[in-house]
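# Commentary on secondary and tertiary structure
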2 protein chains.
Amino acid sequence: METLSTAKSHGGVQGVYRHLSEATKTQMTFAVFVPPQAERGPVPVLWYLSGLTCTHANVMEKGEYRAAAAEHGVMIVCPDTSPRGPDVPDEPDNWQFGCGAGFYVDATQEPYAANYQMATYVRDELPALVAKNFRADMSRQSIFGHSMGGHGALTLALKNPGRFKSCSAFAPIVQPSTAGWSKPAFEKYLGPDEATWRAYDATSLIADGARFPEFLVDQGSADPFLTTGLRPGLLEEACKAAGIPLTLTLREGYDHSYFFISSYMAEHVAWHAARLRA
Amino acid sequence: METLSTAKSHGGVQGVYRHLSEATKTQMTFAVFVPPQAERGPVPVLWYLSGLTCTHANVMEKGEYRAAAAEHGVMIVCPDTSPRGPDVPDEPDNWQFGCGAGFYVDATQEPYAANYQMATYVRDELPALVAKNFRADMSRQSIFGHSMGGHGALTLALKNPGRFKSCSAFAPIVQPSTAGWSKPAFEKYLGPDEATWRAYDATSLIADGARFPEFLVDQGSADPFLTTGLRPGLLEEACKAAGIPLTLTLREGYDHSYFFISSYMAEHVAWHAARLRA
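Report follows, based on the coordinates. (Residues numbered from 1 in each chain as written. Chains lettered and ligands numbered in written order. Predicted model: local features only at pLDDT ≥ 70, side-chain atom pairs only at ≥ 80, totals over all residues. Heavy atoms only, no water.)

## Some words on the sheet that holds strand S9 (residues 246-251) of chain B
Residues and elements named next belong to chain B.
- Pairing is mixed in the open sheet, where nine strands are placed in the order S1-S2-S3-S5-S4-S6-S7-S8-S9. Among the strands making up the open sheet, the edge pair consists of strand S1 (2-9) and S9. Strand-to-strand, the axes of this sheet are offset by a mean angle of 20 degrees, without reference to chain direction.
- In this sheet, strand S5 (residues 75-79) lies alongside strand S4 (residues 43-49) in parallel orientation, the contact comprising three bridges. Opposite valine 45, over in S5, you have methionine 75 as the bridge partner.
- Contacts from helix H8 (residues 232-242) reach strand S8 (215-220) and S9, with the element oriented near 160 degrees to S9. (Pairing = 2+ DSSP bridges. Helix = DSSP H or I, 4+ residues; strand = E, 2+ residues; numbered from the N terminus. Axes fitted to C-alpha atoms, helices over the stretch in contact; angles between N-to-C directions. Contact = heavy atoms within 4.5 Å.)

Right, dumping it as structure tokens:
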């Protein structure tokens, strides 16, 4: 693992790191904020998964998570959203597929399967690297994310309920298998058999029996993707049918941007911290 | 004035605006955060001046000022750091001069004098525009900034002590007339007569009799420009000689980046808010 940069911030250290990933066969960059409490011992880990077009850097720069993370003593890890590089198959003019749009799946279709193994990367490889290189208490992990990353957080939590103490999302894609901006990507990564898509769709996972203790979701009412790509009501229905407590709040006037995410970041970090301490 | 974008954030509105400036003869872009308290009446105005290479956008994205501004009911206005455009004389390969490096002076030398009138722009033209278009209480204004913008804030405050209730800075250039990264710019904007530079140099202004009630300055100890371009000790000496109270804190381990600025942003906004309310 190579350190690309570190800077003291809010009493802790915001770093950016790179490593050669076995899962994606590419160099992967990620950001870690280590709170000041890590000087005294291992701290819990909160994973943040980003949305379409983002790298590790967007939320690191615009997410405003460090004040709350330092207050609550939580490490925040922000992976990239896909493999990248000249040898990685991509559609450069398509922001909803390829680089910046890994959708946190393990691709099974050529030519994507060789690199687009983001489910394995985020679930297994990066946690092992973090456990080895940072003062992380891996027995206390939680996860959240935005949009495509909200989808990633919800599905990872549903498939690994023992692993995560809590899961929340900002404006998540709750049913990517039927949304216009994700369905073509699922088809290219996973093939035409839609039954294989269910493992990467929060509402399908719940319908198929996956459970998680509770979810916290914030959604802006002025989000231009609200009724097309996001549709939080579908998660509400799925959780209601399954008896999963969901705190879904429509935030009046907020859009899909980091100006929205940062407005509720401190609340989400505090919410996770309470569950990580429990 | 044209609205380029608005987004709800932290209960208020973060907007970006553009107008044709009389002072610079160019389109100028600036950012304004209007806190939720403005719905009930005019709110005080806190000016933030940015550093070398920045536009209005850097601190808007990375400065983490909105939570504190919304808490304290303060409007925050972030101007650009220079005129820009194809007709503006520039040295594109020089980050310490020209576009992104206006140094908040009114240039007297050709070919810069026609556009580089940032002192007039920030002191007169933009405040008039803000007063006309926003619910701003112009009887309550304060100012702060970073690096070159810290220089801008200190010099504007010293030259207009009745206008500003308070002034603070992150890692300011306190003596630009003798620092390596600013002296060449001063010569090109203002000419070889160094006597004319004193009006844009905080330590010279103080030596020449300018006064301000007090200053708050935070400076990172790991700032790579600490002992060359910044030299806060020179401000300390000048303030001591003039009897100006200065709260200068060296922040252990912090660098020159927005990771530093954002760490102390909430403290500075709260400090200004207390003085704006007084």
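Next comes the rest of the write-up.
## Things to note about the relation of the copies chain A and chain B
- By a simple turn and slide, chain A fits onto chain B: the slide is 0.0 Å along the axis, the RMSD is 0.0 Å, and the turn is 180 degrees. Classification of the inter-copy transformation places it as that of a two-fold axis. Proximity to the rotation axis, assessed at the C-alpha, singles out Lys62(A) in chain A; its C-alpha lies 2.7 Å from the axis.
- Interface overlap between copies: 100% of the residues of chain A at the interface are likewise at the interface in chain B, consistent with a symmetric, same-surface contact. (Least-squares fit on C-alpha atoms with pLDDT ≥ 70 in both.)

## A short note on helix H9 (residues 258-277) of chain B
Residues and elements named next belong to chain B.
- Between the first and last C-alpha of H9 there are 27 Å, a value that for 20 residues agrees with the 28 Å anticipated at 1.5 Å per step.
- Remark: the principal bend of H9, roughly 45 degrees, maps to methionine 265.
- Two or three places before phenylalanine 259, at the start of H9, stands the capping residue serine 257, its side-chain oxygen 3.1 Å from that residue's backbone nitrogen. (Expected span 1.5 Å × (residues − 1). Bend = angle between axes of the 7 residues up to and from the residue. Polar contact = N/O pair within 3.5 Å; in protein donor to acceptor, adjacent residues only side chain to side chain.)

## Things to note about the environment of Gln141(B)
All names here are of chain B.
- Inspection of the secondary structure assignment puts glutamine 141 in strand S6 (residues 136-146).
- Owing to a relative accessible area of 3%, glutamine 141 belongs among the buried residues under this scheme.
- Apart from the residues within four sequence positions on either side, glutamine 141 is in contact with Val45, Trp47, Arg163, Phe164, Lys165, Ser166 and Leu276.
- At a separation of 2.9 Å, a polar atom in the side chain of glutamine 141 contacts the side chain of tryptophan 47.
- A polar side-chain atom of glutamine 141 sits 3.3 Å from a polar atom in the side chain of arginine 163. (Buried < 20%, exposed > 50% of the residue type's maximum accessible area, 1.4 Å probe, protein only.)

## Some thoughts on the pattern of salt bridges
All names here are of chain B.
- On inspection of all chains with the given rule, the structure shows 21 salt bridges over all chains.
- Its salt-bridge partner being aspartate 208, residue arginine 198 comes within 2.9 Å of it at the nearest N-O pair. Taken together, the residues arginine 198 in the loop between helix H5 (183-190) and helix H6 (202-207) and aspartate 208 in the loop between H6 and S8 connect sequence positions 10 residues apart.
- In this structure, the salt-bridge partner of arginine 251 is aspartate 218, at a minimum N-O distance of 2.6 Å. (Salt bridge = Lys/Arg side-chain N within 4 Å of Asp/Glu carboxyl O.)

## Comments concerning the interface of chain A and chain B
- On the side of chain B, 20 residues touch chain A, which itself brings 20 residues to the contact.
- Here chain A meets chain B over a buried area of about 1800 Å², counting both sides, of which 50% is carbon and sulfur.
- Seen at the junction of chain A and chain B, the total is three salt bridges.
- For Lys62(A), the salt bridge goes to Glu61(B), with nearest N and O atoms at 4.0 Å.
- The interface formed by chain A and chain B contains 16 residue pairs in polar contact (both at pLDDT 80 or more). (Buried area = accessible area lost by both parts, 1.4 Å probe.)

## Some details on unusual backbone geometry
Residues and elements named next belong to chain A.
- Between glutamate 110 and proline 111 the backbone carries a cis peptide bond, its omega angle lying at 5 degrees.
- Mapped onto the fold, proline 111 is located in the loop between strand S5 (75-79) and helix H3 (118-133).
- Within the chain, arginine 231 stands out as a residue other than glycine whose phi angle is a positive 50 degrees.
- Here arginine 231 shows up in the loop between helix H7 (226-230) and helix H8 (232-242).

## Looking at the side chain of Ser168(A)
- Relative to the helices and strands, Ser168(A) resides in strand S7 (residues 164-170).
- Here the side chain of Ser168(A) touches His272(A) through a polar contact of 2.7 Å, side chain to side chain.

## What to know about the state of the cysteines
All names here are of chain B.
- Per the stated rule, a full pass over the model turns up zero disulfides over all chains.
- The cysteine cysteine 54 is free of any disulfide, with cysteine 78 supplying the nearest cysteine sulfur at 11 Å.
- A residue is classified by how much of its surface remains accessible, and cysteine 54, at 6% relative accessible area, is buried. (Disulfide = S-S within 2.5 Å.)

## Here's the deal with the sheet that holds S7(A)
All names here are of chain A.
- An order of S1-S2-S3-S5-S4-S6-S7-S8-S9 is seen for the nine strands of this open sheet, with the pairing classed as mixed. Lying at the two open borders of the sheet, with one neighbouring strand each, are strand S1 (2-9) and strand S9 (246-251). Strand-to-strand twist of the sheet, defined as the mean angle between neighbouring strand axes without regard to direction, takes the value 20 degrees.
- Strands strand S8 (215-220) and S9 of the sheet are contacted by H8, whose axis makes an angle of about 160 degrees with S9.

## With respect to the pairing of strand S3 (residues 27-34) of chain A
All names here are of chain A.
- Judged by how many residues are buried, S3 sits mostly within the fold: seven of eight residues are covered.
- Sheet topology places strand S2 (residues 12-20) next to S3; eight bridges connect them, and they run antiparallel. From the neighbouring strand, glycine 15 faces S3, where its bridge partner is valine 32.
- Sheet analysis places S3 next to S5, joined by four bridges and oriented antiparallel. Bridging across to S5, phenylalanine 33 finds its partner in isoleucine 76.

## Some details on the packing of aromatic side chains
All names here are of chain A.
- Per the stated rule, a full pass over the model turns up 40 aromatic pairs over all chains.
- For the pair phenylalanine 186 and tryptophan 197, a centre-to-centre distance of 5.9 Å together with 85 degrees between the ring planes defines the contact as edge-to-face. Here the residue phenylalanine 186 occupies a position in helix H5 (residues 183-190), and tryptophan 197 occupies one in the loop between H5 and helix H6 (202-207), the gap between them amounting to 11 residues.
- A relative accessible area of 0% means that phenylalanine 186 is categorised as buried.
- On the basis of relative accessibility, which here comes to 0%, the residue tryptophan 197 falls in the buried class.
- Each residue in the set Tyr48, Phe144, Phe170, Tyr254, Phe260 and Tyr264 is aromatic and connected to the rest through ring pairs, giving one cluster.
- Over the ring of tyrosine 200 we find lysine 159, and its NZ or CZ is 4.1 Å from the ring centre. (Phe/Tyr/Trp six-rings, centres within 6.5 Å; stacked < 30°, edge-to-face > 60°. Lys NZ or Arg CZ within 6 Å of the ring centre and 35° of its normal.)

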